[in-house]
Amino acid sequence: MKARVFVTLKNGVLDPQGKAIHHALEGLGFGGVNDVRAGKMIELDLADGTSDADIDAMCAKLLANTVIENYRIEKLG
Amino acid sequence: MKSAVIVFPGSNCDRDMAVAIEQASGVKPVMLWHRETEIPAGVDLIAVPGGFSYGDYLRSGAMASRSPVMAAVKAAADRGVMVLGVCNGFQVLTESGLLPGALMRNAGIHFVCRDVALTVDNSQSAFTSRYQAGEQISIPVAHHDGNYFADAATLDRLEGEGRVAFRYAESVNGSARNIAGILNEGGNVLGMMPHPERACESAHGNTDGARLFAGLVEGMMASA
């Protein structure tokens, strides 16, 4: 069983990396980009039967820092 | 006075920290590998040094803060043992929940490595007793993730309780309210991004950091 965890900065938290990417896109001539936020995706290969609660605990305890980040879990069958 | 310096894979300021503590106290600290699960008996100061523990994987300090030794450091801090976290050590302390907030990528993206001017905000703490409140000092920084973030309520509480130890007196990394170092509620844990251990000898070009260690040791000796 696989699950993907998407970690993103909370709204209102400054994202310098997103800003730098934004500037680079503009530098390449791409207009019309209003904003860029960078995050990370972590793919977990899990034993069948791993509970949702366990995956959630993995996110809360390590994969995301909930002071500054949100996470979203996507299970892939 | 007995002290310990925690060593993670990727720590690189552990030996400088040990020298600074030995110079101030006259006693060589115990170097404690991150896999240890106990703090040696009688240790009354633990330093969490700078560096790039675990290559800053996931987030700076994230992996190190879940190391076995950090559970022991947390328990020791709860007992009132003094804990000093510098740079990556500060990141480890916020990641482990010993200090509030988080240290994010510098607002200007760049790694900042230079002497910076700091203002001493609280000269009453165990770590800052040799400084004057409002005094400006110079301490080097060397970090990529030093941009202190906490929500407004947490920042208000830190300021209201006198828990901001140092502020940047110039623009450095985008830190909320220019915070460079904070104390925990009990005043026995200090986390700071600047490196006092790199400003301890005339050969360093600056001895402003030595006063942190001297004041800390003096206070601990007096209360022992």
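Residues numbered from 1 in each chain as written. Chains lettered and ligands numbered in written order. Predicted model: local features only at pLDDT ≥ 70, side-chain atom pairs only at ≥ 80, totals over all residues. Heavy atoms only, no water.

Quick look at helix α2 (residues 52-63) of chain A
Residue and element names in this part refer to chain A. Rules: The classification of residues rests on relative accessible area computed with a 1.4 Å probe and restricted to protein chains. Under 20% of the type maximum is buried, over 50% is exposed, and intermediate values are partly exposed. Under the scheme used here, helices are H or I runs from DSSP no shorter than 4 residues and strands are E runs no shorter than 2 residues, and both carry numbers assigned from the N terminus. Taken from the helix axis, the directions to the C-beta atoms give the arc we talk about. Only heavy atoms enter the contact rule, under which two residues are in contact if any of them lie within 4.5 Å.
All of the buried residues in α2 are I55, C59 and L63. For α2, the angular spread of the buried residues around the axis is 45°, confining them to a single face. Facing away from the buried side of α2 by more than 90 degrees, the exposed set consists of A53 and K61. In this structure, the buried side of α2 is in contact with β1 (2-9), β2 (40-45) and β3 (69-76).

A few points about the sheet that holds strand β4 (residues 82-86) of chain B
Residue and element names in this part refer to chain B. Rules: The rule for pairing is simple: two strands pair if DSSP sees at least two bridges between them. Here an axis means a line fitted to C-alpha atoms, over the contact stretch when the element is a helix, while the angle between two N-to-C directions is reported on a 0 to 180 degree scale.
The strand order across the open sheet formed by nine strands is β2-β1-β3-β4-β11-β10-β9-β6-β7, and the pairing between neighbours is mixed. With partners counted over all chains shown, the strands left at the sheet margins are β2 (30-33) and β7 (136-143), one partner each. Within the sheet, the average angular offset between the axes of one strand and its neighbour, ignoring direction, is 25°. Of the strand pairs in this sheet, strand β6 (residues 112-120) and β7 are connected by eight bridges, and their pairing is antiparallel. Paired with V112 across the two strands is H143, which belongs to β7. Where helix α3 (residues 88-95) meets the sheet, it contacts β3 (43-48), β4, β10 (179-183) and β11 (189-192), and its direction lies at approximately 120° from that of β4. Against the sheet, helix α5 (residues 210-223) contacts β3, β4, β7, β9 (164-168) and β11, and its axis sits at roughly 170° relative to β4.

Structural notes on the packing of aromatic side chains
Selection rule: For this analysis, a ring pair means two rings from Phe, Tyr or Trp (six-membered ring only for Trp) whose centres lie within 6.5 Å, classed as stacked if their planes differ by under 30 degrees, edge-to-face if by over 60, and tilted for the remaining angles. Should the NZ of a Lys or the CZ of an Arg lie within 6 Å of a ring centre and within 35 degrees of the ring normal, that charge is described as sitting over the ring.
Enumeration over the complete set of coordinates arrives at three aromatic pairs over all chains. Ring centres of Y131 of chain B and F166 of chain B lie 6.0 Å apart, and the angle between their planes is 85°; this geometry places the pair in the edge-to-face category. Note that Y131 of chain B is positioned in the loop between β6 and β7 and F166 of chain B in strand β9, a separation of 35 residues in sequence. Of the two residues examined, Y131 of chain B and F166 of chain B, each falls in the buried class. Positioned over the ring face of F6 of chain A is R72 of chain A, at 4.5 Å from the centre of the ring.

Details of the interface of chain B and chain A
Quick note on the threshold: Two parts placed together each lose some accessible area under a 1.4 Å probe, and the buried area is that loss summed for both. Salt bridges are counted wherever a side-chain nitrogen of Lys or Arg sits within 4 Å of a carboxyl oxygen of Asp or Glu. Under this definition, polar contacts are N or O atom pairs within 3.5 Å; protein pairs additionally need one hydrogen-donor-capable and one acceptor-capable atom, and for neighbouring residues in sequence, both atoms have to be side-chain atoms. When residues are grouped by polarity, Ala, Val, Leu, Ile, Met, Phe, Trp, Tyr, Cys and Pro land in nonpolar, Asp, Glu, Lys and Arg in charged, and all others, Gly among them, in polar.
In this assembly, 15 residues from chain B lie in contact with 16 residues from chain A. Between chain B and chain A, roughly 1,200 Å² of surface is buried when both sides are summed, and carbon and sulfur atoms account for 68% of that area. When the buried surface of chain B facing chain A is broken down by residue, L58, R59 and M104 of chain B rank first, second and third, together holding 41% of it. Here chain B and chain A share one salt bridge between them. Across the pair R59 of chain B and E69 of chain A runs a salt bridge, and its minimum N-O distance is 3.7 Å. At the junction of chain B and chain A, the tally comes to five residue pairs in polar contact (both at pLDDT 80 or more). For the side of chain B that touches chain A, the elements supplying multiple residues, two or more each, are β5 (102-104) and β8 (147-149) of chain B. Class assignment of the residues belonging to the side of chain B that touches chain A gives a composition of eight nonpolar, three polar and four charged.

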